[in-house]
Amino acid sequence: MAAGATGYGDILKAPHAVRLLVGTLVGRLPNATGHIAIVMFTRAEGGSYTLAGALAAVYGIATAVGQPLLGRAVDLFGQPRVQLPAAVVSALGMVLLTVSGTDVLPLAYAAVAVAGLFTPPLEGGLRALWPSVLGGEDRVHRAYALDAVAQEVMFTLGPLLVTLLVAVQSPAAALLVVNALGVLGALSVVVSRPSRAWRSAPREAHWLGALRSPGLLALLAAFLFVGLALGSITVAGVAYADDHGRESVYGWLMAALGLGALVGGAVYGARQWSDAPERRLRVIVALLALCYLPLTLTPGVVAMTALAALAGLFLAPALACAFVVVDRHAPRGTVTEAFSWLVTTFGVGAALGTAVAGPAVELGGTAASFAVAGAGGVAASLVLLVTQGVLGAPEHPADVPPGTENDRSGAAEPGFSSGHQA
């Protein structure tokens, strides 16, 4: 059923919504561009591609480790006490890298590790705030879709910003400017009233935290493979461009992939959905896998660009629907941590995808590397199918207690589960 008047405009008109969305996107710029900026800086310092890749990998691993840990800290101590200090420490890590350079390798590795480990979990924090800002369940779900679309814009424009800063000034300046913007973005979020007022619901003391939810574990397993598929496409796209002798082909493929995700996310969020999100997610991921498979045909550039757009079509809807499922299955009081685990798992999967796709190119050519993406999509779909027993609707979805976790304004609709479960 069409959303009609209650579209994206309704979301953006809500008090604080634009500020929180923009602040979060700007605050996440260092994470979206960190690996690119590190590689460019290392090369400018005279370091090898091997060193550049190693530093970027350490940054990525440290970020993956830090997100759920900081997410748990946010659930325990609130957003302002964690998000802003973490953003400052992360930025100082990048400052240390620009000042010390890459001559003293232990210091360079330590700098990028600190920058990654303290990357603030702004993404999970925003999703924890949406219910208090928007109130109704349908509006929150539409905000998740808007969030997924905005991510595609950020991951497209962020690298362009770094490239521009490098061209105008230097790689060191790019690192400093992007991380300064990141701190300002985090500051804009945490001084807002919704962020200052937000409190996590009381939580059961458990060392596993959000990971004690079987449904959440099933979802994370599936999105590990979705991340693997997406990561392998980035490597396979380079191989395809090499086959056709034009570097610009890679840019066209990645732009088409992003455009497909933008269109898919916009259409998905413009509708109201009445079915269970867990069932809907199985359908969307199955379609995502189906759209990855034709990439193995590796046709001419025009047709391949169209296939790349098709491959991206269901990515943003899959993410938006996954956000809803996380919200329903996260144990009470662990909503930020749970969202951060999804970010981490997706990132680890993407790193695995890039690692697997490289040897696939060497052994079987470009088509084999795209087959890794197809296999990842199929594996994700199978995981959701096999685990549908534990990834069903929560048995006892908890109402949002007024004045706690996701309902600081008391505006949530009755029966709307927001990041906690009885």
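For the structure itself, look to the data block above.
These remarks concern the structure in this document. (Residues numbered from 1 in each chain as written. Predicted model: local features only at pLDDT ≥ 70, side-chain atom pairs only at ≥ 80, totals over all residues. Heavy atoms only, no water.)

Further remarks concern the packing of helix 2 (residues 17-27) against helix 7 (residues 122-134). As a packed pair, helix 2 and helix 7 sit with axes 10 Å apart at the nearest point and diverge in direction by 175 degrees. With respect to their mutual orientation, helix 2 and helix 7 come out roughly antiparallel. Between helix 2 and helix 7, the contacting residues are Ala17, Leu20, Leu21, Thr24 and Gly27 on the first element and Leu122, Glu123, Leu126, Leu129, Trp130 and Val133 on the second. (Axes fitted to C-alpha atoms, helices over the stretch in contact; angles between N-to-C directions. Helix = DSSP H or I, 4+ residues; strand = E, 2+ residues; numbered from the N terminus. Parallel < 35°, antiparallel > 145°, perpendicular 65-115°, else oblique. Contact = heavy atoms within 4.5 Å.)

This part covers helix 11 (residues 214-243). The terminal C-alpha atoms of helix 11, which comprises 30 residues, lie 44 Å apart, in line with the 44 Å expected from a rise of 1.5 Å per residue. Just past helix 11, the residue Gly245 takes up positive phi, approximately 70 degrees. (Expected span 1.5 Å × (residues − 1).)

What follows concerns the nonpolar core. Counting residues in hydrophobic clusters, the biggest one holds 101 residues, and the most contacted among them are Leu97, Trp130, Phe223, Tyr292 and Leu315. Apart from residues lying up to four places away in sequence, Phe223 is in contact with Leu281, Ala318, Leu319, Ala322, Leu342, Thr345 and Phe346. (Core = buried A, V, L, I, M, F, W, Y, C linked by side-chain atoms within 4.5 Å. Buried < 20%, exposed > 50% of the residue type's maximum accessible area, 1.4 Å probe, protein only.)

Right, let's talk about unusual backbone geometry for a bit. Of note in this structure, His16 is not a glycine but carries a positive phi near 75 degrees. Positionally, His16 belongs in the loop between helix 1 (8-12) and helix 2. Note on His16: relative accessible area 28%, which makes it partly exposed. Its identity as a non-glycine residue notwithstanding, Thr298 has a phi of 40 degrees, on the positive side.

Okay, the packing of aromatic side chains next. As enumerated under the stated definition, the model contains four aromatic pairs in all. A centroid spacing of 6.0 Å and a plane angle of 80 degrees characterise the contact between Tyr144 and Phe323, whose relative ring orientation is edge-to-face. Here Phe323 lies in helix 15 (residues 315-329) and Tyr144 lies in helix 8 (residues 137-168), a separation of 179 residues in the sequence. Like Phe323, Tyr144 is buried. Grouped by ring-pair contacts, the aromatic residues Tyr144, Phe323 and Phe339 constitute a single cluster. Above the face of the Trp273 ring, Arg271 is positioned so that its terminal group lies 5.4 Å from the ring centre. (Phe/Tyr/Trp six-rings, centres within 6.5 Å; stacked < 30°, edge-to-face > 60°. Lys NZ or Arg CZ within 6 Å of the ring centre and 35° of its normal.)

This part covers a nonpolar patch on the surface. Taken together, Val283, Leu287, Leu290, Leu293, Val378, Leu382, Leu385 and Val386 make up a surface patch of nonpolar side chains, about 700 Å² in accessible area. Counting residues per element, the ones that place at least two in the nonpolar patch are helix 13 (277-292) and helix 17 (366-386). Top element by residues in the nonpolar patch is helix 17. It accounts for four residues. Topologically, Leu382 is positioned in helix 17. (Patch = residues over 30% accessible without salt bridge, like charges linked within 9 Å, V, L, I, M, F, W, Y side chains within 5 Å. Areas by Shrake-Rupley, 256 points an atom, 1.4 Å probe, with all protein chains shown as cover. Salt bridge = Lys/Arg side-chain N within 4 Å of Asp/Glu carboxyl O.)

Inspection of every chain in the model, using the stated rule, returns four salt bridges. The salt bridge involving Glu278 is made with Arg328; its shortest N-O contact spans 2.8 Å. Taken together, the residues Glu278 in helix 13 and Arg328 in helix 15 connect sequence positions 50 residues apart. An identical accessibility class is assigned to Glu278 and Arg328; each is buried.

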